[in-house]
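A closer look at the structure
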Amino acid sequence: MSKRRPATEAVAVKGIWKAFRFLWLRRLMQLSILGLFVAGPVLGVWLISGNLSSSLILGKVPMSDPLAVLQSLLAGHPVVAVGVIGAGLVIALYALTGGRSFCSWVCPVNMITDLAAWLRRRLGIRTNHRLPRKARYWLLALVLALPVVTEILIWEFINPISLVYRGLLFGLGAGWYLLAAIFLFDLLVTSRGWCGHLCPLGAFYGLAGKYSPLIMSAARREKCDDCMDCYAVCPEPQILPMALKPKKGFGPVLKTLDCTRCGRCLDVCAKDVFEYQVQLKNQHPLIPVKAVE
Amino acid sequence: MSAGDKSNRDKGKTAGRNVSRRRFLTETAQAACAVGLLGLGLTFVAEKSRVHAAQVLRPPGALPEDDFLASCLRCGICVNDCPYNTLKLATPEDPVATGTPWFNAREIPCEMCDDIPCISHCPSGALSPELKDIDDARMGLAVLIDRENCLNLQGLRCDVCYRVCPLIDEAITLQRTRNTRTQVHAVFEPVVHSDACTGCGKCEQACVLDVAAIKVFPRELAQGELGKHYRFGWQEEERTGEKLVPWENKMPARMPGNSLNDGGDL
Ligand code: SF4
Ligand code: SF4
Ligand code: SF4
Ligand code: SF4
């Protein structure tokens, strides 16, 4: 299997819109949110001020990166009410929409790592240095432990997610190197290396969405013909077997912390196996999925 | 199926479990080491940021530097709210913690807005909402650091730093002394008073020299501090009405410098 183009069959069967719609909708969303921020300094239209670390919508509604606020609290600083409310709002939002929906629908780094994954497929790059998927939880623990020890928000020095926004809105400087490093790492070293293995913010949002009612489901998994297209596009392909292959105790529902709700599997499946589902009752226990590299 | 088969299979299972447990332990140990090293590296980087450069001034109301690094979320709302583009968020190569707001007085000083808009939406409290009067801001302290090039100290009448000071005659005064070069003129020395100077940087920006003779520094850099036990006798006397040291101290009067050796008397 070399340079594969996973969506080919889906385009033939469902047409180009249905084979790409969630990808396009996500890009539209990611870019519009960025656009709303950029409109302030560039056009003087201040719908949102700030950046992804903390922002103020229409001068009223605060939104703060809960991980940043948590670090600040752990560093011993009593964050003022606005910041805490802002962090609460964001947590509530992602607890509802499936924690890592932040990753696929908002996070700007996702565009960089998706690009790397796409190039990897097109160029047929096969090198894949093995990393444990749970490394991100270790890093998350580190991100939370360092402020306790040093009383500095150390993660915010290198946080590439806020760096993109800060860079575009306030000047990036040498920050480009970090983003280039992530891109090259994903492209040449480990497939989905950053978002799929290391990013502590993704891990944090994953935990925040633990009880989210919005989930992907391989609802028509009996139609699956093992074409493996979804495996090629899914940023967390290790989670797919449990939903696709009937096994005791596992749903067709992708109840895992890792799923980013990107809907790419839904797009790319010519058999329409997948769908978004809203499940208010937690019918399937969340289980950490062992890496299937 | 004989009993032997079964026990063999069980043994195989236990062995498999042992292998996977060993792998789990190795992986955990590796991860712990990697994370520990990373943490150490990051701590070094971050600890360096505690020492910010002399030209870095924080916005009005900023908490003391250590608390500021523990609190600022690096959102840039203060930067957006400053009408004079004074503030900027640090990029990785700036001489201060990445992403935190700062300004360089020589480039764009703080105009000391009455309503202090930069503070009002700070979501973290890194810019303290307790600062209500901009005159109480302590962003830094102006220091007339180059006495050899300051025009006023040469006996010329520049006065620019004094005139632009928003707290003229409080934060900065002109002190008249004798011009020892011409013997007939006066020197008007700009003197900054730490109890009033806000560190806005207007004086540094306005200094007419190519490189300013008066500069605003973070207060930690600009100010000294008495030993905790140290008292000035005359201040104590004023406070308590009594001499701190009741007897008269007879100290030899001598010139500073090498006077001990060349026996130079006053
Ligand atoms: S894993 Fe991290 S970098 Fe990747 S999309 Fe999620 S938050 Fe962004
Ligand atoms: S007081 Fe005014 S000029 Fe000074 S930093 Fe704040 S907003 Fe800018
Ligand atoms: S508004 Fe407050 S939290 Fe945001 S960058 Fe300024 S000082 Fe930091
Ligand atoms: S920094 Fe200069 S201009 Fe500003 S208050 Fe102090 S002496 Fe005056």
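Residues numbered from 1 in each chain as written. Chains lettered and ligands numbered in written order. Predicted model: local features only at pLDDT ≥ 70, side-chain atom pairs only at ≥ 80, totals over all residues. Heavy atoms only, no water.

All names here are of chain B. Among the surface-exposed residues, D114, D115, D133, D135, D136, D169, E170 and D195 lie close enough to one another that they form a single negatively charged patch. Note on placement: D169 falls in the loop between α5 (160–164) and β4 (172–178). What makes D169 partly exposed here is its relative accessible area of 48%. (Patch = residues over 30% accessible without salt bridge, like charges linked within 9 Å, V, L, I, M, F, W, Y side chains within 5 Å. Areas by Shrake-Rupley, 256 points an atom, 1.4 Å probe, with all protein chains shown as cover. Salt bridge = Lys/Arg side-chain N within 4 Å of Asp/Glu carboxyl O. Lys, Arg positive; Asp, Glu negative; His and termini not counted. Charge placed at Lys NZ, Arg CZ, Asp CG, Glu CD. Helix = DSSP H or I, 4+ residues; strand = E, 2+ residues; numbered from the N terminus. Buried < 20%, exposed > 50% of the residue type's maximum accessible area, 1.4 Å probe, protein only.)

Before going further, it helps to examine the confidence of the model for chain B. Across chain B, the average pLDDT comes to 87, with 90% of residues at 70 or higher. Reported confidences for the modelled complex are a pTM of 0.84 and an ipTM of 0.86. (pLDDT = per-residue confidence, 0-100.)

A separate point is the interface of chain B and chain A. Contacts between chain B and chain A engage 39 residues on the former and 40 residues on the latter. Contact with chain A buries surface across chain B, with L73, R74 and N80 of chain B losing the most and accounting together for 18% of the total. Inspection of the chain B/chain A interface yields zero salt bridges. Here chain B is connected to chain A by 10 residue pairs in polar contact (both at pLDDT 80 or more). Put simply, the parts of the chain that give the side of chain B that touches chain A at least two residues each are α1 (3–48), α2 (65–71) and α3 (77–81) of chain B. (Contact = heavy atoms within 4.5 Å. Buried area = accessible area lost by both parts, 1.4 Å probe. Polar contact = N/O pair within 3.5 Å; in protein donor to acceptor, adjacent residues only side chain to side chain.)

Lining the immediate surroundings of ligand 1 are R100, F102, C103, C107, V109, N110, I161, W194, C195, C199 and G202 of chain A. Taken together, the elements giving at least two residues each to the shell around ligand 1 come down to α5 (101–105), α6 (109–123) and α11 (193–198) of chain A. (Near = heavy atom within 4 Å.)

Positioned with a positive phi, R192 of chain A is a non-glycine residue whose angle comes to about 50 degrees. When you line up the elements, R192 of chain A lands in the loop between α10 (175–189) and α11. The class for R192 of chain A is buried, based on a relative accessible area of 9%. Phi is positive for D159 of chain B, close to 65 degrees, though the residue is something other than glycine. Residue placement: D159 of chain B occurs in the loop between β3 (141–144) and α5. Classification of D159 of chain B by relative accessible area gives buried; the value is 5%.

Before going further, it helps to examine the packing of helix α2 (residues 16–43) of chain A against helix α9 (residues 160–170) of chain A. Residues and elements named next belong to chain A. The N-to-C vectors of α2 and α9 enclose an angle of 35 degrees; their axes lie 10 Å apart at closest approach. Two packed elements cross with a definite hand, and for α2 against α9 that hand is right-handed. Facing α2, whose interface residues are Q30, I33, L34, F37, V38 and P41, α9 presents Y165, L168 and L169. Across the contact of α2 with α9, the residue classes break down as eight nonpolar, one polar and no charged. (Axes fitted to C-alpha atoms, helices over the stretch in contact; angles between N-to-C directions. Left-handed = near helix turned anticlockwise from the far one by under 90°. Nonpolar A, V, L, I, M, F, W, Y, C, P; charged D, E, K, R; others polar.)

A few words on the site of ligand 4. The environment of ligand 4 is formed by A142, C165, P166, A171, C197, T198, G199, C200, G201, K202, C203 and V216 of chain B. Counted by class, the shell around ligand 4 contains eight nonpolar, three polar and one charged residues.

This part is about a nonpolar patch on the surface. Residues and elements named next belong to chain A. Residues L36, V42, L43, V45, L47 and L58 make up a contiguous nonpolar surface patch of about 550 Å² in total accessible area. Along the polypeptide, L36 turns up in helix α2. Among the residues examined, L36 registers a relative accessible area of 34% and is labelled partly exposed.

For the rest of this paragraph, the subject is the nonpolar core. Counting residues in each nonpolar core, the largest one holds 114 residues, and the members touching the most others are L67, F102, I161, W194, L240 and F274 of chain A together with I214 of chain B. One finds A68, A75, A87 and L153 of chain A within the second-largest nonpolar core, a separate group that totals eight residues. (Core = buried A, V, L, I, M, F, W, Y, C linked by side-chain atoms within 4.5 Å.)

Turning our eyes to something else, we now look at the pattern of salt bridges. All names here are of chain A. Counting across every chain of the model gives 22 salt bridges over all chains. Residues D272 and K14 are paired through a salt bridge, measuring 3.3 Å at the closest nitrogen-oxygen approach. Taken together, the residues span a long stretch of sequence, with D272 in the loop between α15 (264–268) and β5 (275–278) and K14 in helix α1 (residues 8–14) at a distance of 258 residues. The exposure class assigned to D272 is partly exposed, which follows from its relative accessible area of 26%. Relative accessible area serves as the criterion here: at 15%, K14 is assigned to the buried category. Among the salt bridges present, the one from R136 reaches D258, with a minimum N-O distance of 3.6 Å. In this pair, R136 is assigned in helix α7 (residues 135–150) and D258 in the loop between α14 (240–244) and α15, connecting sequence segments 122 residues apart. Overall, the relative accessible area of 8% leaves D258 in the buried class. Bridged by salt links that share partners, the residues R100, R133, R136, E236 and D258 form one connected network.

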